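Architecture and fold: a report
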Amino acid sequence: MKRLLILGGGTAGTMVANRLVKELESDDWKITVVDESDTHIYQPGLLFIPFGTYDKKDVIKPRRRFLPTDSELILAQIDHIEPDSNRVWLKDGRSLAYDYLIITTGSRIVPEETPGLAEDEWRRSIHDFYTLEGALALRDKLRDWEGGRLLMHVTEMPIKCPVAPLEFLFLADWYFHEAGIRDRVDLTLVTPLPGAFTKPKASEMLGALLEEKDIHVEPEFNVERVDPDDKQIISYDERTIDYDLLVTVPVNMGSEMIERSGMGDELMFVPTEKHTLKAQHHDNIFVLGDATNLPSSKAGSVAHFQVDGFIENFLRAIRQQALLPSFDGHANCYIESGFGKGLLIDFNYDVEPLPGRFPLPGFGPFALLQESRANHWGKLMFRWMYWHLLLRGKELPIPAELSMAGKWN
Amino acid sequence: MTTLQDVSLDTEGFMVDPNAWNPEIAEALAEEEGLAPLNERHWAVIDFVRKDWGETGESPTLRRITKQSGVNTKELYALFPKGPAKKVARVAGLGKPKGCI
Ligand SMILES: Cc1cc2nc3c(=O)[nH]c(=O)nc-3n(C[C@H](O)[C@H](O)[C@H](O)COP(=O)(O)OP(=O)(O)OC[C@H]3O[C@@H](n4cnc5c(N)ncnc54)[C@H](O)[C@@H]3O)c2cc1C
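Residues numbered from 1 in each chain as written. Chains lettered and ligands numbered in written order. Predicted model: local features only at pLDDT ≥ 70, side-chain atom pairs only at ≥ 80, totals over all residues. Heavy atoms only, no water.

**A short note on the overall build of chain B**
Quick note on the threshold: Numbered from the N terminus, helices here are DSSP runs of H or I no shorter than four residues, and strands are runs of E no shorter than two. In this setup the radius of gyration rests on C-alpha atoms only. A globule is expected at 2.2 Å times the number of residues raised to 0.38.
Within chain B, the secondary structure is distributed over five helices and zero strands. Secondary structure elements of chain B occur, N-terminal to C-terminal, as α-α-α-α-α. For chain B, whose C-alpha radius of gyration is 13 Å, the value lies close to the compact-globule estimate of 13 Å for 101 residues. Principal axes of the C-alpha set define a box for chain B whose edges measure 35 × 30 × 20 Å.

**Some points on the interface of chain B and chain A**
The following threshold applies: In what follows, a contact means two residues having at least one pair of non-hydrogen atoms within 4.5 Å. Put simply, buried area is how much 1.4 Å-probe accessible surface two parts lose in total, over both of them, once they are put together. For this analysis, a salt bridge means a side-chain nitrogen from Lys or Arg found within 4 Å of a carboxyl oxygen belonging to Asp or Glu. For the purposes of these results, a polar contact is taken to be a pair of N or O atoms within 3.5 Å, where, inside protein, one atom must be able to donate a hydrogen and its partner to accept one; residues adjacent in sequence count only when each atom of the pair is a side-chain atom. Lys, Arg, Asp and Glu make up the charged group, whereas Ala, Val, Leu, Ile, Met, Phe, Trp, Tyr, Cys and Pro make up the nonpolar group; the residues left over, Gly among them, are polar.
In this assembly, 12 residues from chain B lie in contact with 22 residues from chain A. Buried area between chain B and chain A, both sides added, is near 1500 Å², and the carbon and sulfur share of it is 54%. Along the contact surface separating chain B from chain A lie six salt bridges. One salt bridge in this structure joins B:Lys74 and A:Glu238, with 3.1 Å as the shortest N-O distance. At the junction of chain B with chain A, the criterion picks out six residue pairs in polar contact (both at pLDDT 80 or more). Going through the elements one at a time, α3 (62–68) and α4 (73–79) of chain B are the ones with two or more residues in the side of chain B that touches chain A. Tallying contributions element by element places α3(B) first for the side of chain B that touches chain A, with four residues. Within the side of chain B that touches chain A, the residues separate by chemical class into three nonpolar, three polar and six charged.

**Some remarks on the site of the ligand**
All names here are of chain A. Spelled out, the test is: In these notes, residues near a molecule or strand are those with any non-hydrogen atom within 4 Å of it. Shrake-Rupley sampling with a 1.4 Å probe provides the accessible areas, and residues are treated as covered by the protein chains on show and by no other component. Just so you know, the domain bounds were taken from an automatic or database domain assignment.
Around the ligand, the surrounding shell holds 28 residues, and the nearest of these are Thr-11, Ala-12, Asp-35, Asp-290 and Lys-379. Within the backbone of Asp-290, a nitrogen or oxygen atom sits 2.8 Å from an oxygen atom of the ligand. For the ligand, the accessible surface in isolation is 1000 Å², of which the surrounding protein chains cover 93%. Among the elements of the structure, α1 (11–23) and α7 (300–318) are those that each provide at least two residues to the shell around the ligand. There are two domains that each give the shell around the ligand at least three residues, and those are domain 1 (2–108 + 254–318) and domain 2 (110–252).

**Considering the domain arrangement of chain A**
Where the parts come together, the accessible area they lose is often given as the size of the interface. Residues and elements named next belong to chain A. Here chain A is partitioned into domain 1 (2–108 + 254–318), domain 2 (110–252) and domain 3 (331–390). The straight-line distance from the C-alpha centre of domain 1 to that of domain 2 is 30 Å. In this complex, domain 1 contributes 19 residues to the contact, which on the side of domain 2 involves 24 residues. Of the roughly 1900 Å² buried between domain 1 and domain 2, counting both surfaces, carbon and sulfur atoms make up 72%. When residues of domain 1 are sorted by the area they lose upon contact with domain 2, Leu-47, Pro-50 and Phe-51 head the list and together hold 34% of the total. Our count for the domain 1 to domain 2 interface comes out at one salt bridge. Note that Arg-139 and Asp-55 form a salt bridge whose closest N and O atoms lie 3.2 Å from each other. Counting the contacts that link domain 1 with domain 2 gives four residue pairs in polar contact (both at pLDDT 80 or more). Here the residues of the side of domain 1 that touches domain 2 are counted per class, giving 11 nonpolar, three polar and five charged.

**Focus on the nonpolar core**
Using the following cut-off: We call a set of buried residues a nonpolar core when its members are Ala, Val, Leu, Ile, Met, Phe, Trp, Tyr or Cys and they connect through side-chain atoms within 4.5 Å of each other. When a residue's accessible area, from a 1.4 Å probe over protein chains only, is under 20% of the maximum for its type it is buried; when over 50% it is exposed; and in between it is partly exposed.
The biggest cluster of nonpolar side chains holds 92 residues, and the ones touching the most others in it are A:Leu4, A:Leu20, A:Phe129, A:Phe168, A:Phe176 and A:Phe310. With residues near it in sequence (within four places) discarded, A:Phe168 still touches A:Leu47, A:Pro50, A:Phe51, A:Phe129, A:Leu138, A:Leu150, A:Met152 and A:Val247. Grouped together as the second largest cluster of nonpolar side chains are 26 residues, B:Phe48, B:Trp53, B:Phe80 and B:Val91 included.

**Looking at the sheet that holds strand β12 (residues 148–154) of chain A**
All names here are of chain A. The condition is simple: In this scheme, strands are said to pair when DSSP sees at least two bridges between them.
Read from one edge of the open sheet, five strands run β11-β18-β12-β13-β14, paired in parallel fashion. Edge positions in the sheet fall to β11 (126–127) and β14 (215–218), since each has one partner strand and no second. Alignment of β12 against strand β18 (residues 245–249), held across five bridges, turns out to be parallel. Each residue of the ladder has a partner; that of Leu-150, found in β18, is Leu-245.

**Digging into the pairing of strand β7 (residues 87–90) of chain A**
All names here are of chain A. Here β7 shows a clear split, with Val-88 and Leu-90 buried on one side and none of Arg-87 and Trp-89 buried on the other. Of the strand pairs in this sheet, strand β6 (residues 78–82) and β7 are connected by four bridges, and their pairing is antiparallel. Looking at the pairing, Ile-81 lines up with Val-88 of β7. Once β6 ends, the chain turns through four residues before running back antiparallel as β7, passing Asn-86 with a positive phi of about 50 degrees. Here β7 pairs with strand β8 (residues 95–97) via three bridges, running antiparallel. The residue bridging Arg-87 from the neighbouring strand is Ala-97, located in β8.

Written out as C-alpha cells, the structure reads:
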C-alpha cells in the first residue's frame, strides 16, 4: 500500500484529494490530508464581510465535508518535512511516512514583519481583511466610523489575490456613498507597485476606474514602519502618509513549517518548477496553490487551473514517465467594482490581461476589463461554484489553458 | 573610461544582454543614475545580485537581497535612493525586475 500525503486541506489540497481519489486504486493507495483546523474558510468571501454583505456563517464550512470519504483527515499542526527520509513530523510528536507528498499549505499574513503594525492599535485603527477575525473587526469599525482618511495599503508583493485591495476600495466607495458620508471620506491606495496593478494594460484601465471614483493612488511606497500613535506610515525613502483608518495587507508568507523543513525561499514559499509544479529539488514532492514561489497569481482560480493539468502529471510521475509542461500560469479573477458591477480579468505567464469578452459556455459572456452587471453576479455565483464544483473537483465551465478566443488584441 | 556607446540597452535603459556586463559598464550606468563613484557597499549588493542571478536566472527581490547580502533595507535605500529595485538591477546589468502578478 502506497501513501499519498497532502499537507493542507484548503482550496488546492481539497481539490487535488477529490480528483486523485478517482484516479488512484483504493487497494493500492491511501490518501491522507493533514490540516490544523476543521474549519474551511471561503477566503474570497472575506472581502464582503467588512461591508456586511456576508457574515461569518456565509464563509465557513466543516473541512471534512469536502474531502473524499475514502481519504483520511488528520487534524494536527505540521511541524516539518524530512524530505530525505520521506517523512512528515507533526507537532504532537507523531510522524507520517509517505511515498508522494503534495504541499498545499497556502500563504498567510504576517503583520509582525512591519514595526508598529501589530501593536496596540491593531484592530482599533489598523485593520486587515485577509483573516476572518480581521474582516469581522473591520466590519464593526466601519459601522460607526464617521469618516476621515482611509488608506488601503499593500505592504509587499506578492500578496494572495492581488486585486482584492482594489476591490476593497471600490466597495468602500459604494458603501460610504450609501451611508451618505462619501464626501467625508478620502480613499487612497498605497502600493509598492508603480500603479494600480502589476500588468501595464490592466493597471492603466484600473487606474482610470480609480480616478473616476475619486480614489487616489500613492505608488512605489515601500513601508518601513507604522507610527500607530501619530497615525502615519513611513517609507524607506522617508515619505510619510497620514491616516485615520489604515486597512493593510501585511506581508504574505508561506507556512512556517516550510521554513522549519529548510525548504523555503526568503518568504517561506517553496521553489517549484514553473510548468510541472514539482518541487525543485525533490522528485516525489509537488507544490500547488499559494505555497509555491511561482510568479503566477496566488488565487483560488489559479489553484484550479494548476490542478487540472497536475492530475495527468501525477499519474505520469508514479508510472516513472516524464512530466508534461502543463501549467501556463493561467489566472482569472472577477473584480468587484462597486454599485453592483464587476470586471473580469484573464491572463497567464506570458499574456497580460486584455480587453474583450470572456467566453464562458452556458454562463457568459463576461466582459473582460470592462464593468458589467454580469461580472458582479459572476463573483457572487463563484461562492456557490467554490463549494459545489471547485472543491469537489467537478468540471468548471472554464478551460485550464488560457484561450485567446474573445480577446481583443 | 568606458562609455555606454557599445552597450545595447532597451528602451528603459536596461542591458539587453546581461552576459555582456562588466564592472566598467556598472560604473558608467551608476554615473547615469547619479550613484558614482560606487563604493564597497554598493559592490557588496551588486556582487550578490550578479552571483544570485548566475545561480537562479532571475534578478533577486529586495527582500532576498537584504536577507542574503549583508546590506539591510535602510542602507539599501541610502545606497540606491528612490527605487533600489530598478537601480540595482540596472547597474548590475540585469533586466527590469518583473513585478509579481
Ligand atoms: C480577502 C481574499 C480575497 C480573495 N479573493 C479571491 C478571488 O476573488 N478569487 C480567487 O480565485 N482567489 C481569491 N483569493 C485567494 C484564494 O483564497 C487563495 O489563493 C486560495 O485559497 C489558495 O489555496 P491554497 O490551497 O493554496 O491555500 P489555503 O486555501 O489557504 O489552504 C492552506 C491550508 O493549509 C493549512 N496549513 C498551513 N500550514 C499548516 C500547518 N503547519 N499545519 C497544518 N495545516 C496547515 C491551513 O490551515 C489551510 O487550511 C482571496 C483571498 C483572500 C484572503
